[in-house]
Amino acid sequence: MMAWIPFAQPMPDLVGGWYLLCIPLVFGVAMVYKAIWMPQDGPWLRQVVVMTGLVVVALIALAVALAIFVQWIIPLLQ
Amino acid sequence: MEPKRTLQPHAAVLAWVLPGLGHWVLGQRVRAARIAAGMAVLMLGGLLIGGVDSVDSENDRLWFIAQMGAGPLVLAIDAANQSGVKSLAVEEQRSWRSLGHVNSVGTLYLGLAGLMNAVVVLEALYPRPERRRRRRSGDRE
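Quick summary incoming for the structure in this document. (Residues numbered from 1 in each chain as written. Chains lettered and ligands numbered in written order. Predicted model: local features only at pLDDT ≥ 70, side-chain atom pairs only at ≥ 80, totals over all residues. Heavy atoms only, no water.)

Some details on the pattern of salt bridges
Residue and element names in this part refer to chain B. Condition: We define a salt bridge as a side-chain nitrogen of Lys or Arg found within 4 Å of a carboxyl oxygen belonging to Asp or Glu. The way it works is that DSSP assigns letters per residue, a run of H or I at least four long becomes a helix, a run of E at least two long becomes a strand, and they are numbered from the N terminus. For the exposure calls, accessible area comes from a 1.4 Å probe over protein chains only, and a residue counts as buried if that area is under 20% of its type's maximum, exposed if over 50%, partly exposed in between.
Inspection of every chain in the model, using the stated rule, returns five salt bridges over all chains. Asp53 is the partner of Arg97 in a salt bridge, and the nearest nitrogen-oxygen pair spans 3.4 Å. Taken together, the positions of Arg97 in the loop between α6 (90-93) and α7 (100-125) and Asp53 in the loop between α3 (29-50) and α4 (61-67) put the pair 44 residues apart, joining distant regions of the chain. Taking the relative accessible area as the measure of exposure, Asp53 reaches 4% and is therefore buried. Two residues, Glu123 and Arg128, come together in a salt bridge whose shortest N-O distance is 3.3 Å. Through salt bridges that share partners, Asp56, Glu58 and Lys86 make up one connected network.

Okay, here's the thing in structure tokens:
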């Protein structure tokens, strides 16, 4: 097998934990969002960390709610 | 009285060419550095995960339109994908093409980079006057 070339070829062995990649994604979005909307002398990094945490918790809650709906509520309707 | 807001088309163009550059020329250096850092996380993250196949103007046209907001670098990546990877023999393409979740996540990173930079471009086009953070009673001077 040829060696992996970062930033050119897709990352190998990433199939299993792909959902964890939402954390750096949310962090990057929060960095840009808070850069635009916060005053330049504000606590930017702290706000970025808080926003990342809130969005990730919201995503987990949404996943749990969907899992409950699909696993338990839909079978009850049948 | 608040300073008057004016259109800054040159800043908007520069913000598209290189994320953060528009705010840099407007004198908002700290904000520019923060925008550039955030865009670097999204763009380099997308490339690291999905490779150059994350940008594909032929097969993922709608995503490509969103990714275009991130500037000319996306055009260069697409050119590398179309003229470099897709011109290879099918067997050789295997290690360059991303599939399934890896391709989706890489495409999503670069798509969100483009959409976030579109907001940055609009903010650079019609910038708000800088407000100082309000001091709370417990803050140190």
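What follows picks up the thread again.
Re the interface of chain A and chain B
Stated precisely, the cut-off is as follows: A contact between two residues is defined here by any heavy atoms of the two lying within 4.5 Å. Summed over both partners, buried area is the accessible surface (1.4 Å probe) that two parts give up on being assembled. Any pair of nitrogen or oxygen atoms within 3.5 Å is treated as a polar contact; in protein, a donor-acceptor pairing is required on top of that, and neighbouring residues in sequence qualify only through side-chain atoms on both sides.
Contacts between the two partners involve 28 residues from chain A and, on the opposite side, 37 residues from chain B. Buried surface at the junction of chain A and chain B, both sides included, amounts to about 3,200 Å², of which 69% is carbon and sulfur. Ranking the residues of chain A by area buried against chain B places Phe7, Ile36 and Gln40 of chain A at the top, with a combined share of 23%. Along the contact surface separating chain A from chain B lie zero salt bridges. The tally of links between chain A and chain B comes to twelve residue pairs in polar contact (both at pLDDT 80 or more).

Some remarks on the side chain of Gln40 of chain A
Along the chain, Gln40 of chain A turns up in the loop between α1 (22-37) and α2 (44-77). For Gln40 of chain A, a relative accessible area of 18% corresponds to the buried category. Here the side chain of Gln40 of chain A touches Arg31 of chain B through a polar contact of 2.9 Å, landing on its backbone nitrogen. Not counting chain neighbours up to four residues away, the residues in contact with Gln40 of chain A comprise Gln28, Arg29, Val30, Arg31, Arg34 and Glu130 of chain B.

Topic: the packing of aromatic side chains
Aromatic ring pairs are reported here in terms of the distance separating the ring centres and the angle at which the planes meet. Residue and element names in this part refer to chain A. To be explicit about the condition: Stacked, edge-to-face and tilted are the three classes for Phe, Tyr and Trp ring pairs, Trp counted by its six-membered ring, which pair at centre distances within 6.5 Å; planes under 30 degrees apart are stacked, over 60 edge-to-face, the rest tilted.
Taken as a whole, this structure holds one aromatic pair over all chains when the rule is applied. An angle of 80° between the planes, with centres 6.0 Å apart, marks the rings of Trp18 and Tyr19 as edge-to-face. Using a relative accessible area of 31% as the deciding quantity, one classes Trp18 as partly exposed.

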